[in-house]
Amino acid sequence: MADVVHIVLPAWQFAAILAGPLILLAAAAAGLRFLVRRRSVSGEDRDWSVPPLADSAGATLFHRWDVRCKITALLAYSFLVAALEHVTPTLAALAVSLLALVLARSSLVRALTRLLAVTGFLVMFLVVMPLSAPALPGDTVLVIDGVDWLGFNLRGLYKALAIACKGVAIALLMEPLLTTAPLPVTLHGLTRLGIPDMVGQMVLLSHRYLHVFRHEAERMAAGMRVRGFRKRTDIETLRAVANFLGMLFVRSFERTERVFDAMRARGYRGRFPAPEEPRMQAKDLLLTGAWLALGITLILWDRFFQQGSG
Amino acid sequence: MHISDGVLPMSVTVGGYAASAALAAWSARRTRSETLPKVAVVTAAFFVASLIHIPFGPTSVHLLIPGLAGALLGPSAFLAVGLGLLLQSILFQFGGLTALGANALMMGVPALICGVFFQRLKGRTRSRQSIVGGIAGALGTAMAALILALLLAAGGEDFFGVAKIALAAHVPVILIEGAVSAFTIGFLARVKPEMLEPVFASGADGTHDTAPRDPSAHG
């Protein structure tokens with residue numbers, strides 16, 4: 001077995017290797033946040049009814065794809081991607097996701113929001129793993145001249161990179177999966193695939209009332225601000241936030257009762273009307289087959305042609 | 001903090017799905033079926049509550065509230081957690097669905113345990129209820145962090161460092177969560193004490209359903 005390869009670097013080079021990507025990532029995250037914030041603030045008069053998830057009834061490949069086929073293909077593909085282990089195939093998966101975003105004409109802001117949501121967790125991996133991965137025989141470890149307790153393990157870096165690529169690739173793929181059809185249609189597709197009907201209904205109801213309660217929370221927060229409340233790091237802030245939460249729960253539980261009574265009064269008996277019946281065509285199946293084949297190709301590539309690297 | 005896709009080994013991912021599907025089915029069974037829509041609406045409120053950020057020095061933390069959800073929803077809490085995670089994926093708050101099972105376990109199991117803990121020990125007095133609620137809140141987050149670390153560590157020795165960091169990062173959240181939960185439970189005990197009874201559990205006689213409703217009486 002090969003021994004651990006130690007490459008000794010002067011401190012400044014080591015610092016540059018560590019800090020360079022970190023600064024780049026931090027800058028990227030800050031830029032993303034700025035972009036997302038700016039877009040979401042610009043609409044002063046926000047629509048608090050349910051914002052439609054689906055983009056314009058677009059005529060892209062993903063919009064026309066039968067929803068059952070789309071769910072099956074993209075979910076199965078996601079699992080295959082999650083099983084990849086080497087850097088190069090995960091980069092390819094990332095490229096596929098980006099291509100899918102372009103093909104589905106997804107909103108850039110929403111894709112960026114998703115990206116932002118996973119950044120924190122994945123950056124933690126990128127920073128911690130190279131420094132904490134134990135040195136195995138055959139590894140290459142960068143160490144500072146004279147400091148031997150801290151080593152930058154390249155194998156850890158590759159592993160973290162693969163994880164980050166997988167995470168981003170799958171997160172981005174949710175955009176074509178979930179926003180190229182109205183939510184009720186997607187959920188109905190899930191039901192047709194064997195998920196209990198109640199799950200779809202509950203998601204639909206939660207999604208609807210989420211926006212109502214968020215509106216409620218915003219109004220309560222505005223009231224607190226008007227009365228001079230500012231968030232600080234102290235026990236009083238915690239108490240105020242707790243009362244705020246309590247009030248939110250009280251109001252929403254009461255509203256829940258009224259909502260449920262109203263539903264019963266309108267004849268709700270555990271079912272919502274189904275959206276129009278989807279029709280599966282040969283080209284839907286063809287696309288599904290092609291997509292799954294792509295995933296399987298990636299897995300085979302990962303398992304059989306990637307020995308040695310990563 | 002949620003686990004993102006592609007982090008866990010395949011066996012853990014699939015096992016997490018199987019375990020949480022079983023738990024969700026159990027949770028649905030323990031919820032009176034006609035109140036499932038109510039659970040859905042209440043989940044929306046918990047979702048909104050989890051978006052609230054609390055300043056912590058230069059940064060801010062957001063509440064995870066598995067403890068509160070467990071205390072207020074009882075056995076239905078697991079359903080609520082799974083639903084909330086699905087919503088997060090739909091609403092661009094988080095990534096994909098492959099890690100959904102593991103994430104549901106991570107937040108849902110502590111919620112269930114906290115629910116039992118709170119209902120067993122809450123007693124009658126308000127101060128006792130807030131103290132027990134606070135402990136449940138802290139306990140819920142602590143258990144979620146522990147499960148997160150264990151799941152990460154299942155990836156092998158390379159992941160131990162990340163697991164330790166993730167555990168350490170949760171310490172301030174545990175303290176804040178405990179305090180907020182104690183105050184929230186105290187508030188509810190004063191304002192609407194019936195909410196501290198398990199509302200949706202099957203068999204439990206909820207205060208809102210005093211008159212039995214007959215579904216066939218409509219139309």
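Residues numbered from 1 in each chain as written. Chains lettered and ligands numbered in written order. Predicted model: local features only at pLDDT ≥ 70, side-chain atom pairs only at ≥ 80, totals over all residues.

Helix and strand counts for chain A stand at 10 helices and three strands. Listing the helices and strands of chain A from first to last along the sequence gives β-α-α-α-α-α-β-β-α-α-α-α-α. Burial statistics for chain A: of 310 residues in total, 34% are counted as buried. In chain A, 84% of the contacts between residues at least 6 apart in sequence involve partners at least 24 apart. (Helix = DSSP H or I, 4+ residues; strand = E, 2+ residues; numbered from the N terminus. Buried ≥ 20, exposed ≤ 12 C-beta atoms within 10 Å, placed from the backbone. Contact = placed C-beta atoms within 7 Å.)

Moving on to the overall build of chain B. On a plain count of helices and strands, chain B comes out with eight helices and two strands. When the helices and strands of chain B are placed in sequence order, the string is α-α-β-β-α-α-α-α-α-α. By residue count, 58% of the 219 residues in chain B fall in the buried class. Long-range pairs, those at least 24 residues apart, make up 76% of the contacts in chain B between residues at least 6 apart in sequence.

Before going further, it helps to spend a moment on the interface of chain A and chain B. Of the residues lining the interface, 69 residues belong to chain A; the matching set on chain B comes to 58 residues. Of all the secondary structure elements, the ones that give two or more residues to the side of chain A that touches chain B are α3 (67-82), α5 (108-132), α6 (154-178), α8 (197-226) and α9 (235-265) of chain A. Ranked by residue count, the leading element in the side of chain A that touches chain B is α9(A), at 19 residues. The class makeup of the residues in the side of chain A that touches chain B is 43 nonpolar, 15 polar and 11 charged. (Nonpolar A, V, L, I, M, F, W, Y, C, P; charged D, E, K, R; others polar.)

It is worth spelling out helix α3 (residues 66-73) of chain B at this point. Counting buried residues in α3(B) gives eight out of eight residues, a clear majority hidden from the surface. Summarising the contacts, the buried residues of α3(B) are in contact with α9 of chain A together with α2 (36-49), α4 (77-90), α5 (100-121), α6 (126-153) and α8 (171-191) of chain B. Within two residues after α3(B), B:Gly74 carries a phi angle of roughly 65 degrees, on the positive side.

This part covers the packing of α5(A) against α6(A). Residues and elements named next belong to chain A. Running from amino to carboxyl end, α5 crosses α6 at an angle of 165 degrees, the nearest separation of the two axes being 9 Å. Our classification of the angle between α5 and α6 gives roughly antiparallel. In terms of crossing hand, the pair formed by α5 and α6 is right-handed. Between α5, through Arg-110, Ala-111, Arg-114, Leu-115, Val-118, Leu-122, Phe-125, Leu-126, Met-129 and Pro-130, and α6, the contact on the second element is made entirely by Gly-156, Leu-157, Lys-159, Ala-160, Ile-163, Ala-164, Gly-167, Val-168, Ala-171, Leu-172, Met-174 and Glu-175. The class makeup of the residues in the contact of α5 with α6 is 16 nonpolar, two polar and four charged. (Axes fitted to C-alpha atoms, helices over the stretch in contact; angles between N-to-C directions. Parallel < 35°, antiparallel > 145°, perpendicular 65-115°, else oblique. Left-handed = near helix turned anticlockwise from the far one by under 90°.)

Generally speaking, a soluble globular protein has its nonpolar side chains buried in company with each other. One finds B:Ala69 and B:Ala80 to be the most contacted residues of the largest nonpolar core, which totals 141 residues. No other element matches the 16 residues that α6(A) contributes to this core. (Core = buried A, V, L, I, M, F, W, Y, C linked by C-beta atoms within 7 Å.)

With respect to the helices and strands, A:Met174 occurs in helix α6. It is 8.9 Å that separates the C-alpha atoms of A:Met174 and A:Arg114, two residues lying 60 residues apart in sequence.

In this section: the packing of α9(A) against α2(B). At a minimum axis separation of 9 Å, α9(A) and α2(B) run at an interaxial angle of 155 degrees. Classified by the angle between their axes, α9(A) and α2(B) sit roughly antiparallel to one another. Crossing of α9(A) against α2(B): the hand is right-handed. Residue-level contacts link A:Leu245, A:Leu248, A:Phe249, A:Ser252, A:Phe253, A:Thr256, A:Val259, A:Phe260 and A:Met263 of α9(A) to B:Pro37, B:Lys38, B:Val41, B:Val42, B:Ala45, B:Val48 and B:Ala49 of α2(B).

Turning our eyes to something else, we now look at the confidence of the model for chain B. All names here are of chain B. Per-residue pLDDT for chain B has a mean of 82; in total, 87% of the residues score no lower than 70. Segment residues 203-219 is flagged for pLDDT under 50; beyond a separation of four residues in sequence, or across chains, it makes nine contacts in the model. If you check the scores for this complex, the pTM reads 0.82 and the ipTM reads 0.80. (pLDDT = per-residue confidence, 0-100.)

Let's shift gears to α6(A). The terminal C-alpha atoms of α6(A) lie 36 Å apart, and with 25 residues this matches the ideal 36 Å at 1.5 Å per residue to within 8%. Most of α6(A) sits inside the fold, with 23 of its 25 residues counted as buried. (Expected span 1.5 Å × (residues − 1).)

To continue, consider the confidence of the model for chain A. All names here are of chain A. Here chain A averages 80 in pLDDT, while 88% of its residues score no lower than 70. Of all the helices and strands in chain A, helix α1 (residues 11-42) carries the lowest mean pLDDT, 72, while helix α4 (residues 87-103) carries the highest, 91. Considering only residues more than four positions removed or in separate chains, one finds that residues 41-49, a stretch of pLDDT under 50, has two contacts.

Looking at the secondary structure, you find B:Lys164 in helix α7 (residues 160-169). Along the sequence, B:Lys164 and B:Leu150 sit 14 residues apart, while their C-alpha atoms lie 9.6 Å from each other.

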